[in-house]
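# Structural description and commentary
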Amino acid sequence: MRLRESWVAFAALGALAGAVIAAPTANAQNAMPSLQQAAANTGNWAIPALNYASTRYSTLDQINASNAGQLQVAWTFSTGVLRGHEGQPLVIGDVMYLVTPFPNTVYALDLNNNERIIWQYTPTQNPEVIPVMCCDTVNRGVAYGDGKIILHQADNTVVALDAQTGKVDWSTPLGSYKVGATGTDAPLVVGDKVFAGVSGGEFGVNGFIAALSLADGHIIWKANSEGPDSMIKFDPNTTTSLGKVVGADSSLKTWKGDQWKIGGGDTWGWYSYDPKLNLLYYGSGNPSTWNPVQRPGDNKWSMTIFARDADTGVAKWVYQMTPHDQWDYDGINEMILADLTINGQQVPVLVHFDRNGLAYVLNRATGALIAANKYDSDVNWTTGVDMDPSSPNYGRPSVVAQYAPGSRGANVNYQGICPAALGSKDEQPAAFDPQTGLFYVPTNHVCMDYEPYPVAYTAGQPYVGATLSMFPGPGGYMGRFIAFDPVTGKTVWAINDQFSDWGGALTTAGGVVFYGTLKGYLRAVDAKTGKILYNFKTPSGIIGNVMTYMHGGKQYIAVLSGVGGWAGIGLAAGLTDPHAGLGAVGGYAALKNYTALGGQLTVFALPGS
Amino acid sequence: MTVTSRLVLIAFALALGCGVAALAAAPGNPTPVKESGGIWTDKDGAPTFNIAKDGSVDWGTFVGFLRYNDACLRCHGPDGAGSSYAPDLTQALKGIDYAQFIAFVAGGIQAVNTAQQLVMPSFATDKNVMCFIQEIYAYLRARATGGLGRGRPPKHAPAPKGFDEASYKCLGIQM
């Protein structure tokens, strides 16, 4: 065990220095590279978010601002599944790996051989899983490590497949879908471990992050979001929040009775890792139920950014963004690790665009709060975060009661809240470009009315308790793709889109940013100016994340189409505006007038061989 | 509506949910004839809506709107209008009566094959649905056949006396 840990530390140091670890690894017998080797090759896309820092910044620059307008479709691939396609493929050497929504078929495509299917794997899963998946049967991608493709199946089983044959190497259930615990996230491989979380906030599932052995799948440690210190892996004497130790029972003290047991705080988003600090970063989701009156207290540690020791799981620091959530603003969005110059000093930061509409900047080593700016000026539930370290409310958002469901009790319709429950941004990841120093953020510009009311808990049944009506935000559009500086809170440029921008961003050294729209357009945009350089309509709405890779000396851009997810709920009918009067209902054109279901990968390249 | 009648209804739904496939029948005349505990029923005793000339809906229909949003919207879309993976209930309810509706909701429905993976779970043990199944039906019936438009009903009749107490009892929660 000790030996293995020191190997991890060595590998981590190597990755930090940017060195290629050439030392033979455990999988030397088959020709597949280690993750460190694969990720060091800039032509690959070996980690779901491209790198541990989750920047989604590629150093490839063959496609640049002057030639992006000439992009063409190079090849396409139908996934055979019709529901929402989130996530992104991986490319390791000459093979592309991608996973579909339920039934979670994994394909290995031969890039040397006209994308022939080398193998395909479809797990046997009980269809009863389908209705316990909250918001469509999405999956956000597979991970790679030591010759294995790691898949978190809908039924909450993590499996490792042999990357060359698709044969199951090991398979570990993380909990039962029968109580509403499901798998939708892209796992993260670090050293000898695989990290995976759980979905189920609408079913009262207490969230956790699990570290599994990459070699054999056994669970090395597991840390919940809510509960006694032993369960959440907090050390009352060393775990800090905003610079202060949290003390004993920091979670239990913030719940009524044992409500924490069905308290949500699920961990269905993205994971980042800092090899130098050996810290794993991720966020937890909404506390269950959606009726805040029924669960008094801060409901810790839902809605929280966690920094955990990757080897032991013990929390180094935490920060709860939305204490006592009243809106369903899950805190699971990606944590982007960057080194930014702030007041003349280089600071290792974590940047997080939360669903609650605030862009947080924290020192990722200490958890100190540096900035919390709105990235959509129409956010109205809060006037901002108390940034005064001497204030008793330090770090807390100041809540506007008018827009806070529950503040006047349940069974009241709270109107005109911005953003809506799907947040100013949902899971669709932003990208950070070190060349421009800007963050490129796909956002939602949607507001809501929210009426909470009492609900009963039954294991395996939804535990919601609110009626929501969502409608386009001020200006009448529902999506905005922005270039943003989180330290100053300045929006450098923005593209307004009729529907939510639910596809993840990619930024490249060629000075081009890419994203997809719900209508199905793949767009290339000038990173500096926001000028649209290329706009191509793929077969279905895009909620997947754009990726890039190099093959045979050529740079490719790839994205999954396949409308669905939360964004697809209004697909058939469109959203209505309750404030425009009954006559105006249906006045907003429905998404179905632009796109239909369909799962497809579209791959782009410049003309010529 | 009394506490006991809500619970009796759940027992009835549970029994129906055990594999009884009711025959498709169009719902009868929706004209409301009787009111009890805020819920109107038609001449056959099936829950129905009662919309006043000024557009104000009866209490049961309004509660149905709220609970529909809680339990059904995530699949059947806003206002019952359908989504990319579950049918438009404003059309479906033109062709099924109350007994069949309860059989579907309590028993669940599946259409899983190579082309589609459509699954509606059984709600037989979900009190958030079963305590309000009459109201949900009344609301969807109003959407399907009563000319009730999209969105939150703009006005509604007041809650009958004892409604909150009865719902909490049925849900089994203390407030």
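Quantities reported herein were computed from a predicted structural model and do not represent experimental measurements.

Bringing the overall build of chain B into the picture now. What chain B contains, in helices and strands, is eight helices and five strands. For chain B, the α and β elements follow one another from N to C terminus as α-β-β-β-α-α-α-α-β-β-α-α-α. Here chain B holds 175 residues, and 52% of them are scored as buried. Total accessible area computed for chain B in this model is approximately 7,500 Å², and 61% of it derives from carbon and sulfur atoms.

Let's shift gears to the pattern of salt bridges. All names here are of chain A. In the structure shown here, the tally under the stated rule is 22 salt bridges over all chains. With a shortest N-O distance of 3.3 Å, Lys193 and Asp192 are connected by a salt bridge. The pair Lys193 / Asp192 is uniform in exposure class, with both members buried. The residue Glu334 makes a salt bridge to Lys425 at a minimum N-O spacing of 2.8 Å. Taken as a pair, Glu334 in the loop between strand S20 (315-320) and strand S21 (336-342) and Lys425 in the loop between strand S27 (414-417) and strand S28 (431-433) lie far apart in primary sequence, 91 residues in all.

What follows deals with the interface of chain A and chain B. Taken together, the contact between chain A and chain B spans 42 residues of the former and 36 residues of the latter. Here chain A packs against chain B, burying approximately 3,300 Å² in sum over the two surfaces, 55% of which is carbon and sulfur. Put simply, chain A and chain B have one salt bridge between them. A salt bridge links Arg152 of chain B to Glu451 of chain A; the shortest N-O distance between them is 2.6 Å. If you look at where chain A meets chain B, you find 11 residue pairs in polar contact (both at pLDDT 80 or more). In terms of residues, the side of chain A that touches chain B owes the most to one element, strand S31 (residues 466-472) of chain A, which gives three residues. Classifying every residue of the side of chain A that touches chain B by side-chain character gives 27 nonpolar, 11 polar and four charged.

Attention shifts here to helix H8 (residues 163-171) of chain B. Along an α-helix, residues three or four apart share an orientation, since each turn contains 3.6 residues. Taken as a whole, H8 of chain B has its buried residues at Phe163, Ala166, Ser167, Tyr168, Cys170 and Leu171 of chain B. Two residues or fewer past H8 of chain B, Gly172 of chain B is found with a positive phi of approximately 75°.

Turning our attention to the sheet that holds strand S3 (residues 47-48) of chain B. Residues and elements named next belong to chain B. If you trace the three strands from one edge of the open sheet to the other, you get S1-S2-S3, paired in antiparallel fashion. The strands lining the two open edges of the sheet, one partner per strand, are strand S1 (34-36) and S3. Note: strand S2 (residues 39-41) against S3, two bridges, orientation antiparallel. Within S3, the residue paired with Trp40 across the bridge is Thr48.

A few words now on unusual backbone geometry. Residues and elements named next belong to chain A. The amide bond that connects Phe102 to the next residue, Pro103, takes the cis arrangement and shows omega of 15°. With respect to the helices and strands, Pro103 occurs in the loop between strand S4 (95-99) and strand S5 (106-110). With an omega of -5°, the peptide bond running from Lys300 to Trp301 counts as cis. Tracing the sequence through the fold places Trp301 in the loop between strand S18 (279-283) and strand S19 (304-309). With a phi angle near 55°, Asn278 is a residue other than glycine that sits in the positive phi range. Take Asn278: it is sitting in the loop between strand S17 (272-274) and S18.

Turning next to the side chain of Gln88 of chain A. Residues and elements named next belong to chain A. Along the chain, Gln88 turns up in the loop between strand S2 (72-78) and strand S3 (90-92). Here the side chain of Gln88 touches Arg140 through a polar contact of 3.1 Å, landing on its backbone oxygen. The contacts of Gln88, once residues within four sequence positions are left out, are Trp45, Pro48, Arg56, Arg140, Gly141, Trp270, Asn545 and Met547.

Each regular strand shows side chains that alternate between the opposite faces of the sheet. All names here are of chain A. Of all six residues that make up S20, five are buried, and the element is covered over most of its length. Looking at chain direction, strand S15 (residues 240-241) and S20 are connected through two bridges and run parallel. Directly across from Thr240, in S20, lies its bridge partner Trp317. In the sheet, S19 pairs with S20 via five bridges, with the strands oriented antiparallel. From the neighbouring strand, Ile305 faces S20, where its bridge partner is Tyr319. Once S19 ends, the chain turns through five residues before running back antiparallel as S20, passing Gly313 with a positive phi of about 85°.

Residue and element names in this part refer to chain A. Summed over all chains, the structure comprises two disulfides over all chains. Sulfur-sulfur distance for the disulfide between Cys418 and Cys447 comes to 2.1 Å. With the S-S dihedral at roughly 105°, the linkage between Cys418 and Cys447 falls on the right-handed side. Here the residue Cys418 occupies a position in the loop between S27 and S28, and Cys447 occupies one in strand S30 (residues 446-452), the gap between them amounting to 29 residues. By relative accessible area, Cys447 is classed as buried at 3%.

All right, on to helix H5 (residues 98-107) of chain B then. Residues and elements named next belong to chain B. Within H5, seven of the 10 residues are buried, which leaves it mostly tucked inside the rest of the structure. Along H5, the residues that are buried comprise Tyr98, Gln100, Phe101, Ile102, Ala103, Val105 and Ala106. Positive phi appears at Gly108, one or two residues downstream of H5, with a value of about 80°.

The subject of this paragraph is the pairing of strand S4 (residues 109-112) of chain B. Residue and element names in this part refer to chain B. Alignment of S4 against strand S5 (residues 117-120), held across four bridges, turns out to be antiparallel. The residue of S5 that forms the bridge with Gln110 is Val119. Hairpin connection, S4 to S5: the antiparallel pair is bridged by four residues.

Here we take up the packing of aromatic side chains. Residue and element names in this part refer to chain A. Per the stated rule, a full pass over the model turns up 35 aromatic pairs over all chains. Measuring from ring centre to ring centre gives 5.0 Å for Tyr282 and Phe306, while their planes differ by 5°; the resulting arrangement is stacked. Of this pair, Tyr282 sits in strand S18 while Phe306 sits in strand S19, and the two are 24 residues apart along the sequence. Look at Tyr282 and you get buried, because its relative accessible area is 1%.

Residues and elements named next belong to chain A. Checked against the element boundaries, Tyr281 lands in strand S18. With 83 residues separating them in the primary sequence, Tyr281 and Arg364 have C-alpha atoms 8.8 Å apart. Excluding residues that lie within four positions of it along the chain, Tyr281 makes contacts with Trp270, Tyr271, Ser272, Asp274, Phe306, Ala307, Trp317, Met335, Leu337, Leu350, Arg364 and Ala365. Only 2.7 Å separates the side chain of Tyr281 from the backbone oxygen of Arg364, close enough to count as a polar contact.

Bringing the confidence of the model for chain A into the picture now. Residues and elements named next belong to chain A. Across chain A, the average pLDDT comes to 92, with 91% of residues at or above 70. Considering only residues more than four positions removed or in separate chains, one finds that residues 1-29, a stretch of pLDDT under 50, has 26 contacts. Within the model, pLDDT remains below 50 along residues 581-588, and this stretch shows nine contacts once partners closer than five positions in the same chain are excluded.

The rules we used
Residues numbered from 1 in each chain as written. Chains lettered and ligands numbered in written order. Predicted model: local features only at pLDDT ≥ 70, side-chain atom pairs only at ≥ 80, totals over all residues. Heavy atoms only, no water. Helix = DSSP H or I, 4+ residues; strand = E, 2+ residues; numbered from the N terminus. Buried < 20%, exposed > 50% of the residue type's maximum accessible area, 1.4 Å probe, protein only. Areas by Shrake-Rupley, 256 points an atom, 1.4 Å probe, with all protein chains shown as cover. Salt bridge = Lys/Arg side-chain N within 4 Å of Asp/Glu carboxyl O. Contact = heavy atoms within 4.5 Å. Buried area = accessible area lost by both parts, 1.4 Å probe. Polar contact = N/O pair within 3.5 Å; in protein donor to acceptor, adjacent residues only side chain to side chain. Nonpolar A, V, L, I, M, F, W, Y, C, P; charged D, E, K, R; others polar. Pairing = 2+ DSSP bridges. Disulfide = S-S within 2.5 Å. Phe/Tyr/Trp six-rings, centres within 6.5 Å; stacked < 30°, edge-to-face > 60°. pLDDT = per-residue confidence, 0-100.

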